[in-house]
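Descriptive structure summary
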Amino acid sequence: MGKRKRRPSKSIGDTAGRQNPQARLQTKGPTPTTVNTIADRKYSFKMLLGCICLVAFFLRLMNLLQTVELPTVVQLMGDARGYVDWAQQIAAGEWYGKQTFYQAPLYPYTLAVLIKGFSAGTFGLRFFQIILGTLSVALLGIAGRHAFNRRVGVIAAAMYALYPPAIYYDGIIQKTALASFLLCLLLAECSYLNRRASKIHAIFAGITLGLLVLTRENALLWVPVIPIWMALRSPAERTGKIGLMVTYVLGLAFVLLPVAARNASLGGEWSPTTFQAGPNFYIGNNLNSNGLYRPLVPGHETPKYERADAQRLAELDEGRELTSREVSRYWFEKSFEEIKQDPVNWIQLLCLKSLMVVNRFEVPDVESMRVYRDFSVTLRVLAPVWHFGILCPLAVWGMFVTRKRWRQLSLLYAFTLVMVAAIVGFFILGRYREPLVPLLILFAAGGIPVLIQMLRTRDWNSYLVPISATVLSIVVCNLRVHDESMLNASSYMNAGVAAGMNDDLRESIEYLLNAIDAEPMLAEAYANLGRAYEQNNEPEKAILSYQEALHIEPSLEPVDTWLGSVYEAIGARAEAIESYREALTKNPLDEDAQAGLRRLTGKAIP
């Protein structure tokens, strides 16, 4: 029997129908005119993309320069402070560390390189991030070009260059800028794979995803998505697909295997990422969860406490020492126990978090885009007109009008669905959903040409379903889901705390009073106002502020300790002893409360 001739493989990006054989014979190759036209289009795309990147850099630089005096920039707080402290330890020589990773390590190690190699301060670190943000714009434009066409690539780049939350996140000391850059790089790599089966792009896709996992742990859920997509959609023969998947896995292993070995050497347990999934899952799914971040111990919102509290509470309940993996497993099991107690409540919580994921409001962490808008003209002008409540409906429109290309866009659909599930499964912060933005922008940009054509021709009847879905999404995405006054008040409170840490007590008290005016039931604001009054030698006002904080939130730590120190300073011995004892009932390991009782009673505290 004769060998059957192999049919040439068809590229994923090839959407043309069958050509006329006679026409194919007549056109043996591109004419000089065609070659010149293609070259001109490539040149014009590069020029447009370059101009958009310059705009992106300018907007980010303006935001950077206008916010240099913001209190939370002058005095870093929360995760930002934790990342920089960790980076400084690495730069000082503690590159291997002494514990398994509890937080994603790539960002602090990147900061350490900048601190060690370039003596970068806060401004230098933020400047590096706006460079990453500019490169992200270029990479997303390239991904849009290969997923759709050059026009869509330009639109996607422009949308991302002007997107205010991206400008904001590129300007704060958080891992979001690095994660967004790696995601855009991954999308660009996969867009090349979508057109041509290349082992080079496959291995770089594995390396890039591995680095993304070390920056944002929930990207681990994308690891099996790419080989499945390769098996179903890659423009290669069977043996070629196997080769692509092998090289992809090698790229992943090159990045993640050393981290897993390092964790095993320090904790006796293999993990390619971190051990904080259990506590974070509990925070987002316990009986009292509202979808937002609430620390395991009220008042302990910083990295300094997060790991210690998770381990201390788990070991107290279990009555023995636990490894990092056992601590994570404990909180997962505790979460599922509480879910079983009230499954209806949990389903309602999932619905609420689903609404929060697509909501226009950027849920703040320690820092808030709302506070940055007071300083940044860039954000003040762009934020009211270009936000998630507009992006998401545009993406819905794009998904509907490009649905016939679903096979070519299957990886984007898979990435989006998996990331939405990952975000809903834990708790919601604006920066946690930022990985959705490049994905949604690609869909939105893909639908813009169709939207323009429809508006020109006024052919509404052909698009009734996409129009209906888009209008519904506009309503859903712009509902008032969050207690925005409370969240914005928390951000102003944090700015006040930062000002106080920078020894500007007048500005600190002003920010804190503004936070209380915005939300009178914010216990943490009263607690921090008490600290500011105490440092400003106003003990009576400090005592009243501490008492109000405990009236609103009796379990708030370590307010009782602070109250005891003020009582001790003014000579109210009995009140001080009572406050210190109350603090130890909430946290027996509170060293400041123990020391205070020893001073006042002369007795050792067991």
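Everything quoted here is computed from the prediction, not taken from an experiment. (Residues numbered from 1 in each chain as written. Predicted model: local features only at pLDDT ≥ 70, side-chain atom pairs only at ≥ 80, totals over all residues. Heavy atoms only, no water.)

The next point concerns the overall build of the chain. Within the chain one finds 29 helices and 0 strands. Taking 25 Å as the expected radius of gyration for a compact globule of 606 residues, we find that the chain reaches 27 Å, a close match to that expectation. Overall, the chain is about 100 × 55 × 55 Å in size when its C-alpha atoms are taken along their principal axes. Scored against the burial criterion, the 606 residues of the chain give a buried share of 52%. A separation of at least 24 residues holds for 73% of the contacts in the chain among residues at least 6 apart in sequence. Only carbon and sulfur atoms are counted for the fraction: they give 59% of the accessible area of the chain, which is about 29200 Å². The positive charge centre, built from 61 side chains, and the negative charge centre, built from 52, are 21 Å apart in the chain. (Helix = DSSP H or I, 4+ residues; strand = E, 2+ residues; numbered from the N terminus. Rg over C-alpha atoms; globule rule 2.2 N^0.38 Å. Buried < 20%, exposed > 50% of the residue type's maximum accessible area, 1.4 Å probe, protein only. Contact = heavy atoms within 4.5 Å. Areas by Shrake-Rupley, 256 points an atom, 1.4 Å probe, with all protein chains shown as cover. Lys, Arg positive; Asp, Glu negative; His and termini not counted. Charge placed at Lys NZ, Arg CZ, Asp CG, Glu CD.)

Between helix α4 (residues 78-91) and helix α5 (residues 106-118), the shortest axis-to-axis distance is 8 Å and the interhelical angle comes to 60°. Considered as vectors, α4 and α5 are oriented oblique to each other. As α4 runs across α5, the sense of the crossing is right-handed. Contact with α4, carried on its side by Tyr83, Val84, Trp86, Ala87, Gln88, Ile90 and Ala91, involves Tyr107, Pro108, Tyr109, Leu111, Ala112, Ile115 and Lys116 of α5 and no other residues of that element. (Axes fitted to C-alpha atoms, helices over the stretch in contact; angles between N-to-C directions. Parallel < 35°, antiparallel > 145°, perpendicular 65-115°, else oblique. Left-handed = near helix turned anticlockwise from the far one by under 90°.)

Once that is clear, we can look at the packing of helix α28 (residues 573-586) against helix α29 (residues 591-601). Relative orientation of the contacting elements α28 and α29 amounts to 145°, with a least axis distance of 9 Å. Crossing of α28 over α29 shows left-handed handedness. Judged by residue contacts, Arg573, Ala576, Ile577, Tyr580, Arg581, Ala583 and Leu584 of α28 engage Asp592, Ala593, Gln594, Gly596, Leu597, Arg599, Leu600 and Thr601 from α29.

What follows concerns the layout of surface pockets. Here the second largest pocket defines a volume of roughly 860 Å³. Along the wall of the second largest pocket there are 39 residues; nearest its centre are Glu217, Gln276, Ala277, Asn280 and Phe426. Going through the elements one at a time, α4, α13 (277-285), α14 (303-318), α15 (324-341) and α20 (410-424) are the ones with two or more residues in the lining of the second largest pocket. Among the elements that make up the lining of the second largest pocket, the one with the highest residue count is α13 (4 residues). When its residues are assigned to classes, the lining of the second largest pocket shows 18 nonpolar, 10 polar and 11 charged. (1 Å grid on protein atoms, 1.4 Å probe; cavity = no way out; pocket = protein on both sides within 12 Å on 5 of 7 lines; lining within 4 Å. Points joined across faces, edges and corners; volume = space filled by probe spheres on them. Nonpolar A, V, L, I, M, F, W, Y, C, P; charged D, E, K, R; others polar.)

With that out of the way, let us pick up the confidence of the model for the chain. Across the chain, the average pLDDT comes to 89, with 91% of residues at or above 70. Within the chain, helix α1 (residues 21-26) has the poorest average pLDDT of any element, 41, and helix α8 (residues 164-170) the best, 98. Across residues 1-28, confidence stays below pLDDT 50; counting only partners more than four residues off in sequence or on other chains, it has 20 contacts. (pLDDT = per-residue confidence, 0-100.)

With that out of the way, let us pick up the pattern of salt bridges. Per the stated rule, a full pass over the model turns up 15 salt bridges. Note that Asp309 and Arg312 form a salt bridge whose closest N and O atoms lie 3.2 Å from each other. Here Asp309 pairs with Arg312, and both are found in helix α14, just 3 residues apart, close to one helical turn. With relative accessibility at 14%, the residue Arg312 sits in the buried group. Through salt bridges that share partners, Asp79, Asp365 and Arg431 make up one connected network. (Salt bridge = Lys/Arg side-chain N within 4 Å of Asp/Glu carboxyl O.)

Before going further, it helps to examine a nonpolar patch on the surface. On the surface, Leu355, Val471, Val475 and Leu479 cluster together into a nonpolar patch covering about 300 Å² of accessible area. Turning to its location among the elements, Leu479 is positioned in the loop between α22 (464-477) and α23 (484-501). Given the relative accessible area of 37%, Leu479 is considered partly exposed. (Patch = residues over 30% accessible without salt bridge, like charges linked within 9 Å, V, L, I, M, F, W, Y side chains within 5 Å.)

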